[in-house]
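Survey of secondary and tertiary structure
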Amino acid sequence: MSQFLWVIFPYLALALMIVGSLYRFVYGQRGWGSKSSEILEKKWLRRGSLMFHWGMLFVFGGHVMGLLIPISVYHALGVSTEFYHFNADLFGGLAGLITFAGVVILLWRRTFDSRVRANSSTSDFVALILLLIVIGIGTFETVGYNNIFGAYEYRTTIGPWIRELVVLHPNAALMKSVPVVLKAHILAAFSLFAIWPFTRLVHVFSLPIRYPLRAPVQYRSRNRYRHY
Ligand code: HEM
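These remarks concern the structure in this document. Each chain has its residues counted from 1, running along the sequence as written. The predicted origin of the model limits local features to residues at a pLDDT of at least 70 and limits the giving and counting of side-chain atom pairs to 80 or more, whereas totals for whole chains, interfaces and linings rest on all residues.

**Some thoughts on the overall build of the chain**
Helix and strand labels come from DSSP, where a helix needs a run of H or I of at least four residues and a strand needs a run of E of at least two; each type is numbered from the N terminus. Secondary structure summary: the chain contains 8 helices and 0 strands in total. In the chain, the succession of α and β elements from N to C terminus is α-α-α-α-α-α-α-α. With the C-alpha coordinates aligned to their principal axes, the bounding extent of the chain is approximately 70 × 40 × 40 Å. Classification of the 228 residues of the chain by burial places 20% in the buried group. Distance between backbone-placed C-beta atoms decides contact: two residues are in contact if it is within 7 Å. Taking the intrachain contacts of the chain between residues at least 6 apart in sequence as the baseline, contacts between residues at least 24 apart amount to 82%. Exposed residues have 12 or fewer other C-beta atoms within 10 Å of their own C-beta, buried residues have 20 or more, and partly exposed residues fall in between, where C-beta atoms are placed from the backbone.

Below you can see the structure in the form of structure tokens.
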């Protein structure tokens, strides 16, 4: 069972994410992206979307710092365990709460605004509900669980597990002692990765990073220029 949950399932989910996204990019490019609903409702979209995207940026940074950077690097830099977890809990918790509030607003808007709901597909709801579950459990771990039971040292279990997974050297045993809330968070995250290509989340792969460098578009008036 542990081999399935921590080796086979993650690889299946990632394979589905990569192959599914490539397939959709090649054969379904007309529907690639996140169909905007701004024209239908603006006020709550702006609030929810800003909170969600800014929060996610910090949450993503936190995951890189906590999972991809080995604990030995922190020790070499003289960062104590207490200092690391104090900051991870404070800033990670804050980012988690903002992201969670954002996703609640987005789901609430999609459900209760009749115009947005009428223009939503099942996959829009599935993606938002799974995001709510993943972010909800992660934030609960950081803000609630850690304060009740003490900070969990994921840098010696989940960190090495995910790095080994990435370099195709999986080791399910590393996940054995991980608290069940974090296991649920990770399994929900990989379920999200598995459905990724079939939802509007594919727009993440089209981040316009070259946008500031592209040639400017020039707009000219149809009417004659006035000369003063
Ligand atoms: C590869 C899969 C993932 C792993 C291994 C993972 C692992 C973790 C860990 C170890 C924590 C810290 C818990 C603590 O503070 O004790 C955490 C927190 C969190 N995770 Fe994840 N996570 C994954 C994917 C995701 C995804 C895809 C999302 C969002 C869509 C997400 C959202 C969050 C949030 C909001 C928090 C709480 C705030 C924070 O600490 O940054 N996680 N996760």
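**Describing helix α8 (residues 180-195)**
Because each turn of an α-helix spans 3.6 residues, side chains separated by three or four positions end up pointing in the same direction. With 16 residues, α8 extends 23 Å from end C-alpha to end C-alpha; this agrees with the ideal 22 Å at 1.5 Å per step. Within the span of α8, buried status applies to His185, Ile186, Ala189, Leu192 and Phe193. Down the axis of α8, the smallest arc covering the buried residues is 115°, so these residues share one side. What a helix is expected to span follows from its residue count: subtract one and scale by 1.5 Å. The arc in question is traced by the directions running from the helix axis to the C-beta atoms.

**Things to note about the environment of Met51**
With respect to the helices, strands and loops of the structure, Met51 is situated in helix α2 (residues 43-68). Along the backbone, Met51 and Leu182 are 131 residues apart, and their C-alpha atoms lie at a distance of 23 Å. Every residue in contact with Met51, bar those within four places of it in the chain, is listed here: Ile98, Thr99, Ala101, Gly102 and Ile105.

**Quick notes on the site of the ligand**
By convention here, the C-beta atom is placed from the backbone, and a residue is near a molecule or strand when that atom is within 6 Å of it. Residues in close proximity to the ligand total 27 residues, the closest being Gly92, Gly96, Gly138, Thr142 and Ala189. Broken down by secondary-structure element, the contributors of at least two residues to the shell around the ligand are α2, α4 (81-112), α6 (122-149), α7 (158-166) and α8. Looking at the shell around the ligand element by element, the count peaks at 8 residues for α6. Amino acids are sorted into nonpolar (Ala, Val, Leu, Ile, Met, Phe, Trp, Tyr, Cys and Pro), charged (Asp, Glu, Lys and Arg) and polar (every other residue, Gly among them). When grouped by side-chain class, the residues that make up the shell around the ligand number 15 nonpolar, 11 polar and 1 charged.

**Here we look at α2**
Its 26 residues give α2 an end-to-end C-alpha distance of 37 Å, which sits within 8% of 38 Å, the value for a rise of 1.5 Å per residue. Burial in α2 covers these residues: Leu45, Gly48, Met51, Phe52, Gly55 and Val59.

**A word on the packing of helix α1 (residues 2-27) against α8**
For the pair α1 and α8, the least separation of the axes is 7 Å and the interaxial angle reads 25°. Considered as vectors, α1 and α8 are oriented roughly parallel to each other. The hand of the α1/α8 crossing is left-handed. On α8, the residues that touch Leu5, Phe9, Pro10, Ala13, Leu14, Leu16 and Met17 of α1 are Leu187, Phe190, Ser191, Phe193 and Ala194. In the contact of α1 with α8, the residues fall into 11 nonpolar, 1 polar and no charged. Inter-axis angles, ranging from 0 to 180 degrees, are taken between N-to-C directions of lines fitted to C-alpha atoms, where helices are fitted over the stretch in contact. To sort the angles, those under 35 degrees are grouped as roughly parallel, those over 145 as roughly antiparallel, those from 65 to 115 as roughly perpendicular, and the leftovers as oblique. Less than a right angle of anticlockwise turn of the near helix away from the far helix marks a crossing as left-handed, whereas a clockwise turn marks it as right-handed.

**Some remarks on the environment of Lys43**
With respect to the element layout, Lys43 can be found in helix α2. The class for Lys43 is exposed, based on 8 C-beta atoms found within 10 Å. The spatial distance from the C-alpha of Lys43 to the C-alpha of Arg109 is 10.0 Å, given a sequence separation of 66 residues.

**Points about the packing of α2 against α7**
Each packed pair of helices is defined by two parameters, the angle between the axes and the distance between the axes. Where α2 contacts α7, the two axes come as close as 8 Å, and the packing angle between them is 90°. The angle between α2 and α7 places the two elements in the roughly perpendicular class. Residues Gly66, Leu67 and Leu68 of α2 pack against Ile158, Gly159, Ile162 and Arg163 of α7.

**A short note on unusual backbone geometry**
Its identity is not glycine, yet Leu168 carries a phi of approximately 60°, on the positive side. Locating Leu168 in the fold gives a position in the loop between α7 and α8. On the basis of neighbour counts, which here come to 7 C-beta atoms within 10 Å, the residue Leu168 falls in the exposed class.

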